[in-house]
Amino acid sequence: MHDSPAFTYLILRRRPSLFPTCSLRLPPRLNPRQRSHTCCRLVVLRGFLLSSHNVLAFPDSYLFEWYRFTSQSILYIHNLICPYICNITNRSHALTSHQILCVALRFFANGSFLYNVGDAEHLSKATVCRAVRKVCLALKRLLHIFVVFPGHKPVRAIKEEFHRTAGESDGLLLGDRGYPCQPRLMTPYPDPEPGPQQNFNRAHCRTRARVEMTIGLLKAHFQCLRHLRVTPERACDIIVACVVLHNIATIRGEQHPALQFEDPDDDPIHLPAIQDGGAVRDTICHNHFRV
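Since this is a predicted model, take the numbers as computed values, not measurements. (Residues numbered from 1 in each chain as written. Predicted model: local features only at pLDDT ≥ 70, side-chain atom pairs only at ≥ 80, totals over all residues. Heavy atoms only, no water.)

Undergrad: Account for the overall build of the protein, naming residues and giving values.
TA: Summing up its helical and strand segments, the protein has 13 helices and 2 strands in all. By the burial criterion, 35% of the 291 residues in the protein qualify as buried. Sequence separation of at least 24 residues holds for 65% of the intrachain contacts in the protein that already meet a minimum separation of 6. Accessible surface for the protein amounts to roughly 18,100 Å². Of this, 56% is attributable to carbon and sulfur atoms. (Helix = DSSP H or I, 4+ residues; strand = E, 2+ residues; numbered from the N terminus. Buried < 20%, exposed > 50% of the residue type's maximum accessible area, 1.4 Å probe, protein only. Contact = heavy atoms within 4.5 Å. Areas by Shrake-Rupley, 256 points an atom, 1.4 Å probe, with all protein chains shown as cover.)

Put into structure tokens, the structure is as follows:
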């Protein structure tokens, strides 16, 4: 049944431009009832739509649009996480490990609702949810391999060097003008005066720019990060998975989508500084940014 013209027709109708020489249709001898029954069976057997047609056979341009990776990189990722995502049974047409990975990558790249991804891949929302969860947990296992400090220094040595640089402080967070200035969260001066305050704002902007660009690149690569509609715990796992995938893409030389950087400081909204936060900022400005 899987090689019948009817089955092939339903697979190819989604992307007829990829198969210009194909002109397939349902067998003409089937009466209307048989034709309807055949179509219904093919729709129910939705798992076969991916397995009977090799997704990785599509051109890399299409794969990058759908999954943000080329075929060789998808195979590379699959080999890394296959032991953690494969189903232990083939009952009820269980998804293969390749299918599970492609469904999750489609969600990461598209950023749509789970049921929209399911409609695109001919799967239920519950199936898509389970696939995304499996891949997230599998990629989370690789965090210590693909997310590391640059260089060859051990983490302990980096921490000690950081504390020597920061002194008694454990460090500060940097935020844009959308946040109030707090003792542990430094924001730029809304209307800096010439001299130390302008120097503080310039240093603040340079330091924060790299982080903002990295976050913007992640969101451009994986659209799901723009609007995560999951619990905070699940959101953390998705972010970790996307960071691991981003580093894999960088290591393998995958192309990156165009970066759309939006400077949050262009937003006129500014929250007033908390008294203690403003005092800490003034102290830092006076001690380190005097002309």
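Undergrad: Can you break down unusual backbone geometry residue by residue, with the values?
TA: A positive phi angle, close to 70°, is found at Arg-68, a residue other than glycine. Here Arg-68 lies in the loop between helix H4 (60-67) and helix H5 (71-85). Given a relative accessible area of 12%, Arg-68 falls into the buried group.

Undergrad: Talk me through helix H6 (residues 97-110); I want residue IDs and the actual numbers.
TA: Between its first and last C-alpha, H6 extends 20 Å over 14 residues, near the 20 Å set by a 1.5 Å rise per residue. Every buried residue of H6 is listed here: Ser-97, Gln-99, Ile-100, Leu-101, Cys-102, Val-103, Ala-104, Leu-105, Arg-106, Phe-107, Phe-108 and Ala-109. Just downstream of H6 lies Gly-111, where phi reads positive at about 75°. (Expected span 1.5 Å × (residues − 1).)

Undergrad: Describe the pattern of salt bridges, listing the residues and the values that go with them.
TA: For side chains of opposite charge, pairing can occur when their charged atoms come near one another. This model, assessed by the stated rule, comprises 5 salt bridges. In this structure, Glu-161 and Lys-153 form a salt bridge, with 3.1 Å as the shortest nitrogen-oxygen distance. For Glu-212, the salt bridge identified is with Arg-208, shortest N-O distance 3.2 Å. Taken together, the residues Glu-212 and Arg-208, both in helix H11 (residues 196-221) and 4 residues apart, mark about one turn of the helix. Where salt bridges share partners, they join Arg-133, Lys-140 and Asp-237 into one cluster. (Salt bridge = Lys/Arg side-chain N within 4 Å of Asp/Glu carboxyl O.)

Undergrad: Explain the confidence of the model for the protein residue by residue, including any values.
TA: Residues with a pLDDT of 70 or more make up 73% of the protein, whose mean pLDDT is 78. Of all secondary-structure elements in the protein, the lowest mean pLDDT belongs to helix H1 (residues 5-12), at 36, while helix H12 (residues 232-251) reaches the highest, 96. Ignoring residues within four places in sequence, the model shows residues 1-27, a span with pLDDT below 50, making 39 contacts including any to other chains. Predicted confidence for residues 36-53 stays below pLDDT 50, and this span has 32 contacts to residues more than four positions away or in other chains. (pLDDT = per-residue confidence, 0-100.)

Undergrad: Kindly report on the packing of aromatic side chains, identifying the contributing residues and their values.
TA: According to the stated counting rule, one finds 6 aromatic pairs in the structure shown. For the ring pair Phe-58 and Trp-66, a centre distance of 5.1 Å and an interplane angle of 75° mean the geometry is edge-to-face. Across the pair, exposure class does not vary: Phe-58 and Trp-66 are buried alike. Among the aromatic side chains, those forming a connected cluster through ring pairs are Phe-58, Tyr-62, Trp-66 and Tyr-67. Over the aromatic face of Tyr-189 sits the side chain of Arg-281, whose NZ or CZ is 4.3 Å from the ring centroid. (Phe/Tyr/Trp six-rings, centres within 6.5 Å; stacked < 30°, edge-to-face > 60°. Lys NZ or Arg CZ within 6 Å of the ring centre and 35° of its normal.)

Undergrad: Summarise the packing of H6 against H12; cite the residues concerned and give the values.
TA: Orientation of H6 relative to H12, taken along the N-to-C sense of each, is 95°, at an axis distance of 12 Å. Regarding the angle of H6 to H12, the classification is roughly perpendicular. Residues Leu-105, Phe-107 and Phe-108 of H6 pack against Ile-238, Ala-241, Cys-242 and Leu-245 of H12. Partitioned by chemical class, the residues of the contact of H6 with H12 number 7 nonpolar, no polar and no charged. (Axes fitted to C-alpha atoms, helices over the stretch in contact; angles between N-to-C directions. Parallel < 35°, antiparallel > 145°, perpendicular 65-115°, else oblique. Nonpolar A, V, L, I, M, F, W, Y, C, P; charged D, E, K, R; others polar.)

Undergrad: Give me the environment of Pro-83: which residues, what numbers.
TA: With respect to the element layout, Pro-83 can be found in helix H5. Linking Pro-83 and Ser-97, residues 14 residues apart in sequence, is a C-alpha distance of 8.7 Å.

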